[in-house]
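Fold and contact review
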Amino acid sequence: MKLLFFGTKGYDKTYLIPYMEDEKYAGIHVKFIEAELTPNTAMLAKGYDSVCAFVNMDVGTRTVELLHECGVQMILMRCAGYNNVDLDTAKKLGIRVAHVPGYSPESVAEHAMALALTANRHLHKAYIKVRENNYSLSGLLGVSMYGRTAGIVGTGRIGAAMARICRGFGMRVIAYDRYPNKSLDFAEYVELDELLSGSDLISLHCPLTPETHHMINIDTIGRMKDGVILVNTSRGGLIKTDDLVRGIRENKFFAVGLDVYEEEDGSVYEDMSDEILQHSTVARLLSFPNVIVTSHQGFFTEEAMQAISETTMENALAFEKGEKGPNELF
């Protein structure tokens, strides 16, 4: 079985290459390329049985159609999310799709709390000030998390891990999810409106679907407490950026921490330091002193990379053996 990995970085190879040397996967012949999977690059898969893509790639209708023309029978997503994949077209064309449903949820949750703490205590600003020999405390005033209320939107594995972290900080935890997590016996499940109005910290951990797209907008922002801290490590499309900017300008938020944001495709995971940005989304967000933006790195720990690599190769192995793996989507 021939497998083509799109968008391969050096750190991907570090964790994947050991599997190439394992006899267990001897029947899988892998090639790594740097190009990301898009309609413009899909034809590179000609002659391959399967391809592997990541969360930032365009695996929409046209890409899937072109992969089918190339003879690709399997799309392996080395991530949990698959909202960037046209599953209906893949199913219609007989292309199987598998993902990595869980990989160190604590890694993402820890990054979410790191964003909340950094934005709250202005650590990003303090670091720069001290490097310039400026030890003034001006502009660095934060608030204590202890005793405050954390609102967790989405309590799957990552949201549950975030809830446990917040509880460890001595916070009251409330949550919103259509399917409550029974393991969170300390969390109080409420309706979304109550969570928005009652939380000092709101952390988003739900998937991006038509129902959740732009769930944070000018209306829902208006229902939040003044001085709320908002964190998003899930999907950029959960937040309507223009409305977020408006809310920040109107001093609705004490702090905002974003690991994902709209329009990140094309720049995420790439070094754009020598280029002029063609859109202003990130520049607008970074212009605010109470906002911190990171590069979709919540998952990026040794533990998560190991888990992603292992599960991806197990998904490939199931396909190579003619079996249906447990992580296939249909």
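Here, the structure is the one placed above.
Residues numbered from 1 in each chain as written. Predicted model: local features only at pLDDT ≥ 70, side-chain atom pairs only at ≥ 80, totals over all residues. Heavy atoms only, no water.

**Topic: the sheet that holds strand β3 (residues 50-53)**
Each strand in a sheet pairs with another by means of backbone hydrogen bonds, the pair being arranged parallel or else antiparallel. With parallel pairing, the five strands of this open sheet are ordered in space as β2-β1-β3-β4-β5. Each end of this open sheet is capped by a strand with a single partner; those strands are β2 (29-32) and β5 (96-98). Along the sheet, successive strands turn relative to each other by an average axial angle of 20 degrees, direction set aside. (Pairing = 2+ DSSP bridges. Helix = DSSP H or I, 4+ residues; strand = E, 2+ residues; numbered from the N terminus. Axes fitted to C-alpha atoms, helices over the stretch in contact; angles between N-to-C directions.)

**Considerations on the pairing of strand β6 (residues 149-153)**
Among the five residues that make up β6, five are buried, leaving the element largely enclosed by the rest of the structure. Residues of β6 alternate between two faces, with Thr149, Gly151 and Val153 on one and Ala150 and Ile152 on the opposite face, all of them buried. Examined bridge by bridge, β6 and strand β7 (residues 172-176) share five bridges and lie parallel to one another. In the sheet register, Gly151 faces β7, and the bridge partner there is Ile174. In terms of handedness, the path from β6 via helix α6 (residues 157-168) over to β7 forms a crossover that is right-handed. (Buried < 20%, exposed > 50% of the residue type's maximum accessible area, 1.4 Å probe, protein only. Right-handed = clockwise from strand over helix to strand, strands pointing away.)

**What about the packing of helix α1 (residues 10-20) against helix α11 (residues 302-320)?**
Two numbers describe how α1 lies on α11: the axes approach to 9 Å, and their chain directions differ by 45 degrees. Considering the angle they form, α1 stands oblique to α11. The handedness of the crossing between α1 and α11 is right-handed. For the pair α1 and α11, the contacting residues are Tyr11, Asp12, Tyr15, Leu16, Tyr19 and Met20 in the first and Glu302, Met305, Gln306, Ser309, Glu310 and Met313 in the second. Its residues assigned to classes, the contact of α1 with α11 shows seven nonpolar, two polar and three charged. (Parallel < 35°, antiparallel > 145°, perpendicular 65-115°, else oblique. Left-handed = near helix turned anticlockwise from the far one by under 90°. Contact = heavy atoms within 4.5 Å. Nonpolar A, V, L, I, M, F, W, Y, C, P; charged D, E, K, R; others polar.)

**A few points about a negative patch on the surface**
The grouping of Glu106, Glu110, Glu302 and Glu303 at the surface amounts to a negative patch. Looking at the negative patch, the elements with two or more residues in it are α4 (105-121) and α11. Mapped onto the secondary structure, Glu106 falls in helix α4. (Patch = residues over 30% accessible without salt bridge, like charges linked within 9 Å, V, L, I, M, F, W, Y side chains within 5 Å. Areas by Shrake-Rupley, 256 points an atom, 1.4 Å probe, with all protein chains shown as cover. Salt bridge = Lys/Arg side-chain N within 4 Å of Asp/Glu carboxyl O. Lys, Arg positive; Asp, Glu negative; His and termini not counted. Charge placed at Lys NZ, Arg CZ, Asp CG, Glu CD.)

**Regarding the packing of aromatic side chains**
Enumeration over the complete set of coordinates arrives at five aromatic pairs. Centroid distance Tyr19 to Tyr25: 5.6 Å. Interplanar angle 80 degrees. Geometry classified as edge-to-face. Each of the two residues, Tyr19 as well as Tyr25, counts as buried. Grouped by ring-pair contacts, the aromatic residues Tyr11, Phe54, Phe299 and Phe300 constitute a single cluster. Its guanidinium or amino end placed over the ring of Tyr48, Lys2 lies 4.9 Å from that ring's centre, counting from NZ or CZ. (Phe/Tyr/Trp six-rings, centres within 6.5 Å; stacked < 30°, edge-to-face > 60°. Lys NZ or Arg CZ within 6 Å of the ring centre and 35° of its normal.)

**Notes on the sheet that holds β6**
With parallel pairing, seven strands are arranged side by side in an open sheet as β8-β7-β6-β9-β10-β11-β12. Looking at which strands have only one partner, the edges of the open sheet turn out to be β8 (188-189) and β12 (291-293). Contacts from α4 reach β9 (201-204), β10 (228-232), β11 (253-258) and β12, with the element oriented near 140 degrees to β11. Against the sheet, helix α9 (residues 241-249) makes contact with β10, β11 and β12, and its axis sits at roughly 145 degrees relative to β11, the strand it touches most.

**Describing the pairing of β2**
Note that strand β1 (residues 2-5) and β2 share four bridges and pair parallel. Within β2, the position partnered with Phe5 by the bridge is Phe32. Handedness of the crossover is the feature at issue here: the chain leaves β1, passes through α1, returns alongside β2, and the resulting connection is right-handed.

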